[in-house]
Each structure stands twice: as C-alpha cells, then as structure tokens.
Amino acid sequence: MLQKGTESECFCSCEVEPGKDPVNEKGGVSHTPVENERRFHDNLNEMLELLGDMNEVQQNSFGDHYEQLLELLSSIKESEDAASNTRKLRKEVIPTEPKAQPAEIQEICPEKFMGDSLTYGYPFFRKGFATPNCSQHIPMHYLVTLIFDDLHTSNVNPPAYKRVLKGLSKYHPKMKVVYITRDKQGGVEGMKSNVKVVNIREELKQGAVWSKALAHVTTKYVLIAPHLVEFDDDINLKRLVRILSHNPDVAIVSGAYRTRNGHWDIGCQQSSFLNYTLRLQGGYYRSFWECLLCDFTPGSWLARTNDLEVLKFDEGLDFGVFHDIFWKVKQQKRITVSCPDAMFNIDKPEVRDEWLLHFASKHDIRKIVEPNGQIRWYGCRRGIKHRGGHSCSRPRGVGVPPCDLENLADAIKMIMRECENAGLFCELQEGTLLGAVKFNKLLPWERDADLTFLTANYTAFKALGPVFHDAGYSFTAHDSSVWCCADGRKAGGKFSMYADGWSIELYGQHLMESEILVAQGEKPTKVDFAGQMVTVMRNPGLFARNRYGNLLYRHQEHWLDRGKTSGWHFYDPGVFEGCPEEGHSGCLSQYSTDGNMQFDMNICPCTLQTH
C-alpha cells in the first residue's frame, strides 16, 4: 500500500486471498468504486443485449413495458457513456469557459458487423452492425438539429408533427428541433422540449421558409426532413453522422424512404443536363461503406450546417429549392450519398409542374424527365412482355438473357399478386430481395428465385395451386415440411414451382414483418420490382445490409457460380468471372462490379470495366 503523502494513494487489504473478494462488515462482498462501475456497465449492456435479442412475439408479451424498459436502459447507457465526454468536449461544441481538452475524441463511434456468421440477425435482420464497447463520443443532441415541416403532408391521425415529436422524445429526447408549419399547433411544448416552432405566411416561398428555419440551428449538423411523418429506430442518425464525420468530401448523406402507402425506394438518383434537358434517373454508379453515390436524393438528408449556410437556400425558389442545393453540390464536385439501411417515413406529395417553374427558369431548363418517365415542359410546350422461353444452362461469366429474366420476373410478380389478392402474406427473400434492393428487378446473373410466406397461410396458399397450373407453371406442395412450433406458432412449410425453365422456392416463416405492420394498422412495405410494387420486409435496406454484410452494393455472381456450398458465405465482391467467349454481348466482365446503371440501356462509359 502506498504511504500517505506519496504522489497517489490507494487502499486495499493485503489479507485477502488471491482470487477472493474482500468481505464488508455485513458479510457481503465488497467492491471498489471502479469495480462497481464496471459491474454496473456490464449488467446494463447485458440487459440491453437481452432486450435486443427478443423477437416480436416476446416483445409484444411485455406490452408497453418493453418499449418503456428499452427506452429507460438506453437513456441510462447514453447518459453514463457520454457524461465524461460532455465535460471534456463542452468547450468545443457548447459555448462555455475555456477548459483543458483531450488530444482527440471522436464525434461518433465506429461500427462493425457483430456476427460470426451471416445468420446473426435471423429472421428479420434488424441487428448486424453495431458500435460495441465505445464511450468516447459526443451525445447526438449536441451534434444534430432536426428541421421538419408539415406544409405538404396530408391528414393523418395522429398528425404527422405529433408522431415525429413523440418518436424524438423516445429516441433523442434532448435533440433540438425546428418545426415549420402554417398552423397554430398547440401542445408542442408539452410533447417535447427544445422545439422551435416557425409559423410562416402563405406567400413565402420554400427557399425563404427553409432559410428562416436554418437560422435557428446552432449544432454542427442539421437533418433536413421535409414531409417527414414518423421518427423511429429506422432513422439511424449515428450511421449518417459517421459518414459525414469521416468523409470531408461528402456534403450530404441521406437514406432510403418509405411512403405512407408502403412504397420503398433507395433514395438515390443520378442527373444529367444536356440540350436544355434535366434528366433524373434512379440508380447508382459507385458505392462505399454500403452507401450509394448520388446526384439527388428525394427524401430527408443530413448536412453540415456551415455547408448549408454557404450553399444557401435560394429564397426566390419554391419547391425546386432542394433540387437547387443538390445542383450546387454537384457543381462543386462534392459528394452526395444515400445509405439505404437508414430509412425515413415520408408523405411524398405529387409535385405540380408549376412548383418547379422558378428552378427551371433559374437554370434555363426547358424539359425535366423524372425517373418514372414523366416529362415536364417549360417555356415552349404544354405540358413487350416475354413468354414461352426457357432458362438454358449458361457458363460462368455470362449474364442471363433479358427475355429469360423477364420470364422469371413475370412468374414472381404473378405469385406476389395472387398472394395479395388472396389476403396472404408473402415477401421477397434472399437474392431475389437483393435484386429488388439493388436493381429494382432480378440480378442480371440470377439462377433461381426465393420467396417467403407466412406458415399460417400454408393451406390458403396451397389452394392457389390450380391458378399457377393454369398459368403454365408447375406447383408442388411439401406438406411434411410444416412443423410445430416456434414462439407458439406453426413454422416451416415449402412449395416448389417451375416456371419457363426457372426454379422458384417458397419457404414458410412463423413470423413476418409485413404481418406485424398490418396488425399495427400500417401498410406493408413495398418495392418496385420489374414494374410492379411487391411486398417486402419493413426496412429492406437494413435487412439486406445485415443479411449480406459489407460491400453488398458491389457485385459478385451467384454463389453456385463461385463454387460455394450455400448463400450464407460472407459477401466478397471483386471481379466477375472471365468470359468464356471474349467480345460476347453477355460478358459480365465488360461491366464494373459497382453500381447498377451500367446494366441499363443507357450505359455510362465510366462504369465499363477497364482492361
């Protein structure tokens, strides 16, 4: 033991046997303050991990207590982790008296994939990437301010602003908010603290509105969220801040969006301006950190506040003010990205041509072509199905002919359509889902199709067999594959179909997120798949990232073509297999292994593989 008067001092018992804890006067085990703090953190993390591992049935058995307990423990953890950092960083992020600063403390903790295998997040893949054992970070409410509005959101009960503020009170109770509205909304202060309500006049243009709101922001980052109708755990602010914090060339980071009718989109568009025509096209050419490089994103987005103050919202523009911001970012050769595992629930309005008139006039645009093919004219004007083929065996390194892909897509769309018409729960799964997320259609090198259905619907789905037979598809039910039970429900079940040379497997699940959403009174999430909106899990971007891991937006051929034993091997994109016939139009090696637009008819030369 150190003697009194030395530089530091500690107290311990030299009579305690090695490996045993000292005993206090009451006979209990005595711990030092450091040990007690460590035990507290260990127990807290263990409780949070147990809650996170619960499935939906187990969560529902707690009723409202589950969310309350999770919120309480998460709040305690955030407070404990951030307490010391807050004091150390107060000089940097909060105006106060000068104090000594540590050498370096990160804004946001790094993340990593937590599983030893890709089954870690099964069945819903809501977990996968996390920030373990990290306390050296700045609390989110010191970093980000949210600006949202209800100027173009339709009526919803409860109102959108209440849903947003309620979610913020749960996930970020201390975060500052700027709320733009034309109405005199009551009770805002009682729902959440730190809310600045900006009431605007009818005649103000959008540019002036958002410029006025931005003036109230004092944090380093600002989340611009027009038309936001919900704030939930799919809005992963840590993920978005991490991108900006570690990548100074990135000016804006966004995520996927989900509309009120359940339609999901990766939230990434490319733009070109030639011959007076602004053309917007959904898709991406490059990716990093499972985020996509974009020119424009139509959903909510995060930016550095000082960047927006320099870019400036043009106060003379109306609805085109956001297009104008992204236009400026592209002109500066800075980067916009979308990370589709983060998802925003929005009420996307129908944009009238006149809303973009001032934007078109500013940049001398006479024609705008939207991603869905809609054409908007300014200044001078008013405004085949493949069937009967077969999937031939093909060598490695060669893509599937488009007509064969259309045959498989037609079969999948028919199955999903019949499911919906019969009131059954079916979702895209595995590589079929990955194709929908990355391409809005099948992967160009697809080998088969995988779908899931609710096991409770097994008998009802089996009754659809004659419908599929009439369409020319074989249909086999595997009755012995149903078993009991998982979480008190029947599980399993399998159907096999054969369509124009393609194998389609349908597997039963005892729980499905589309069923849970409907039970909660919400629309199931849907994604555009080869021209038809089909049902998928709640957040397909998050599901895909946690299912396939790092680099999923880059490409590799089917696991069968790569000599793997299953689709559960970690994703390892690199180069496509060498083409067996050099110069063949179907050679995959002519394309980059990153991006999706090069596989469309409008090929960008920068995406062709260089030799």
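Provided above is the structure to which this section pertains.
Scope of this entry: the structure provided in the associated data block. Keep in mind it's a predicted model, so treat the numbers as computed, not measured. (Residues numbered from 1 in each chain as written. Predicted model: local features only at pLDDT ≥ 70, side-chain atom pairs only at ≥ 80, totals over all residues. Heavy atoms only, no water.)

**Focus on the overall build of the protein chain**
When helices and strands are tallied, the protein chain shows 17 helices and 23 strands. Across the 611 residues in the protein chain, those meeting the buried criterion constitute 49%. Here the protein chain displays about 30100 Å² of accessible surface, and carbon together with sulfur accounts for 50% of that area. (Helix = DSSP H or I, 4+ residues; strand = E, 2+ residues; numbered from the N terminus. Buried < 20%, exposed > 50% of the residue type's maximum accessible area, 1.4 Å probe, protein only. Areas by Shrake-Rupley, 256 points an atom, 1.4 Å probe, with all protein chains shown as cover.)

**Examining the pattern of salt bridges**
Summed over all chains, the structure comprises 32 salt bridges. A salt bridge links Lys362 to Asp314, with the nearest nitrogen and oxygen atoms 2.8 Å apart. With Lys362 in helix H11 (residues 357-362) and Asp314 in the loop between helix H9 (305-311) and helix H10 (321-331), this pair connects stretches of sequence that are 48 residues apart. Residue classification places Asp314 among the partly exposed positions, given a relative accessible area of 23%. Its salt-bridge partner being Asp324, residue Lys362 comes within 3.1 Å of it at the nearest N-O pair. Taken together, the positions of Lys362 in helix H11 and Asp324 in helix H10 put the pair 38 residues apart, joining distant regions of the chain. Among the residues examined, Lys362 registers a relative accessible area of 40% and is labelled partly exposed. Salt bridges here are not isolated pairs; linked through shared partners, they connect Glu111, Arg239, Arg242, Glu290, Asp341 and Arg545. (Salt bridge = Lys/Arg side-chain N within 4 Å of Asp/Glu carboxyl O.)

**Quick look at the state of the cysteines**
According to the stated counting rule, one finds 5 disulfides in the structure shown. A sulfur-sulfur separation of 2.1 Å characterises the disulfide bridge that pairs Cys268 with Cys294. For the disulfide bridge between Cys268 and Cys294, the dihedral angle about the S-S bond is near -120°, and by the sign convention the bridge is left-handed. In this pair, Cys268 is assigned in the loop between strand S8 (263-265) and strand S9 (269-274) and Cys294 in strand S12 (residues 291-294), connecting sequence segments 26 residues apart. For the pair Cys268 and Cys294, a shared accessibility class is recorded, and that class is buried. One disulfide in the model links Cys291 with Cys339; its S-S distance is 2.0 Å. Here the S-S torsion is close to 100°, and the disulfide linking Cys291 with Cys339 is therefore right-handed. Of the two residues, Cys291 sits in strand S12 while Cys339 sits in strand S14 (residues 335-346), which places them 48 residues apart along the sequence. (Disulfide = S-S within 2.5 Å.)

**Structural notes on the sheet that holds strand S10 (residues 277-282)**
Strand order across the open sheet formed by 4 strands is S9-S10-S15-S16, with mixed pairing between neighbours. In the strand order of this sheet, the two ends are held by S9 and strand S16 (375-377), each with one partner. Neighbour to neighbour, the strand axes of the sheet diverge by 15° on average, direction disregarded. Sheet analysis places S10 next to strand S15 (residues 367-369), joined by 3 bridges and oriented parallel. Pairing of Thr277 across the sheet is with Lys367, part of S15. (Pairing = 2+ DSSP bridges. Axes fitted to C-alpha atoms, helices over the stretch in contact; angles between N-to-C directions.)

**Here's the deal with the sheet that holds strand S20 (residues 489-499)**
Spatial ordering of the open sheet is given by S17-S18-S21-S20-S19, a layout of 5 strands whose pairing is mixed. Only two strands of the sheet have a single partner each, and these edge strands are strand S17 (426-428) and strand S19 (474-486). Strand-to-strand twist across the sheet, computed as the mean angle between neighbouring axes with direction ignored, equals 20°. Where S19 lies against S20, 9 bridges are found, and the strand directions are antiparallel. Its bridge partner being in S20, Ala486 is matched across the sheet by Arg489. This element, helix H13 (residues 430-439), spans S17 and strand S18 (449-454) of the sheet and lies at about 105° to S18. (Contact = heavy atoms within 4.5 Å.)

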